[in-house]
Amino acid sequence: MSQVYCQECGFQNPESANYCSRCGALLSRGEQAVETTQTFSPEEVGDIEHEDFGIEGPALVVRAGGGRAGESFKPAGERTRIGRSPDCEIFLDDVTVSRNHAVLVERDGKFVVEDQGSLNGTFVNRRRIDSAPLAEGDELQIGKYRMTFIA
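Novice: Describe the overall build of the protein chain, with residues and values.
Specialist: Each helix and strand counted, the protein chain has 1 helix and 13 strands in total. Ordered by position from N to C terminus, the α and β elements of the protein chain give β-β-α-β-β-β-β-β-β-β-β-β-β-β. Looking at the 151 residues of the protein chain, the share that counts as buried comes to 38%. Roughly 9,500 Å² of accessible area belongs to the protein chain as shown, and the carbon and sulfur atoms make up 46% of that amount.

Dropping the structure here:
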């Protein structure tokens, strides 16, 4: 039996599936892309400034999910709610996101993300968390959205 890999989250689905059973994304029926990994040493890459992208921290930058890659969100005060509810400061409109999924809390100039009892969980650097501090470059995953934290 052949398998289809989700282009959003990489989950392996049965060939008969139209939508990803993990993140709900529409599965592509074209040629499946083969994912490859390249490695670079710090000397090859050099220093990358976030200002090159026009983004100054603190911010969450969407890297994948929902066709919103490149979109960025700035914290809105001491508590920034993240969820599917339009009342949330960071509104992620997708069934993989709970209405009140997580909250970004600022404490003494540092940021902590706290899960709010979401169904699909909140992940920092691919680990499910209840609460975790965020540092420069950390990956935050909420539903099918993967975001990078810029301090």
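Novice: Would you mind going over the pattern of salt bridges in detail, with residue names and values included?
Specialist: The full count for this structure, using the stated rule, is 6 salt bridges. In this structure, the salt-bridge partner of glutamate 139 is arginine 146, at a minimum N-O distance of 3.9 Å. Through salt bridges with shared partners, a single ionic network connects Arg126, Glu139 and Arg146.

Novice: With reference to specific residues and values, describe the packing of aromatic side chains.
Specialist: The final tally for this structure, using the stated rule, is 1 aromatic pair. Here phenylalanine 111 and phenylalanine 149 contribute two aromatic rings whose centre-to-centre distance is 5.7 Å and whose plane-to-plane angle is 55°, an arrangement assigned as tilted. Pair noted here: phenylalanine 111 is in strand β8 (residues 110-115) and phenylalanine 149 is in strand β13 (residues 145-150), with a separation of 38 residues, a long-range link. Of the two residues, phenylalanine 111 and phenylalanine 149, both sit in the buried class.

Novice: Report on the sheet that holds strand β6 (residues 90-91), specifying residues and quantitative values.
Specialist: Taken together, the 5 strands give an open sheet; going across it, the order is β6-β5-β7-β8-β11, and neighbouring strands pair in mixed fashion. Each edge of the open sheet carries a strand with a single partner, namely β6 and β11 (131-134). The pairing of strand β5 (residues 79-83) with β6 spans 2 bridges and is classified as parallel. If you follow isoleucine 82 over to β6, its bridge partner there is isoleucine 90.

Novice: Go over the environment of valine 124 with me, naming the residues and quoting the values.
Specialist: With respect to the helices and strands, the residue valine 124 is situated in strand β9 (residues 122-124). Note: C-alpha distance between valine 124 and valine 113 (11 residues apart in sequence) is 8.6 Å. Among residues more than four places away in sequence, those in contact with valine 124 are Val113, Ile129, Ala132, Leu134, Asp138, Glu139 and Leu140.

Novice: Give me the lowdown on the side chain of glutamate 114, citing residues and values where you can.
Specialist: Its place among the elements puts glutamate 114 in strand β8. Here glutamate 114 falls in the buried class, since its relative accessible area comes to 16%. Discounting residues that sit within four places of it in the chain, glutamate 114 has contacts with Arg79, Ala102, Val103, Val105, Arg107, Asp130 and Ser131.

Novice: Which residues make up the sheet that holds β13, and what are the values?
Specialist: Strand order in the open sheet formed by 6 strands is β4-β3-β13-β12-β9-β10, with antiparallel pairing between adjacent strands. On the outer flanks of this sheet lie β4 (72-73) and β10 (127-129), each paired with one strand and no other. In this sheet, β13 lies alongside strand β12 (residues 139-142) in antiparallel orientation, the contact comprising 4 bridges. Note on β13: the bridge partner recorded for isoleucine 142 is tyrosine 145.

Novice: Summarise the pairing of β5; cite the residues concerned and give the values.
Specialist: On any regular strand, side chains alternate: one points to one face of the sheet, the next to the other face. Note that β5 and strand β7 (residues 102-107) share 4 bridges and pair antiparallel. Bridging from a neighbouring strand, arginine 81 pairs with valine 103 of β7.

Novice: Tell me what's going on with the nonpolar core, and back it up with residues and numbers.
Specialist: Formed by 20 residues in total, the largest nonpolar core has its most connected members in Leu60, Ile82, Leu92, Val113, Leu140, Ile142 and Met147. Secondary structure elements with two or more residues in this core: β3 (59-64), β7, β8, β11, β12 and β13. Broken down by element, this core gets its largest block of residues, 3 residues, from β13. If you look at the next biggest cluster of nonpolar residues, it comprises 8 residues, including Val4, Cys6, Cys9 and Cys20.

Analysis parameters
Residues numbered from 1 in each chain as written. Predicted model: local features only at pLDDT ≥ 70, side-chain atom pairs only at ≥ 80, totals over all residues. Heavy atoms only, no water. Helix = DSSP H or I, 4+ residues; strand = E, 2+ residues; numbered from the N terminus. Buried < 20%, exposed > 50% of the residue type's maximum accessible area, 1.4 Å probe, protein only. Areas by Shrake-Rupley, 256 points an atom, 1.4 Å probe, with all protein chains shown as cover. Salt bridge = Lys/Arg side-chain N within 4 Å of Asp/Glu carboxyl O. Phe/Tyr/Trp six-rings, centres within 6.5 Å; stacked < 30°, edge-to-face > 60°. Pairing = 2+ DSSP bridges. Contact = heavy atoms within 4.5 Å. Core = buried A, V, L, I, M, F, W, Y, C linked by side-chain atoms within 4.5 Å.

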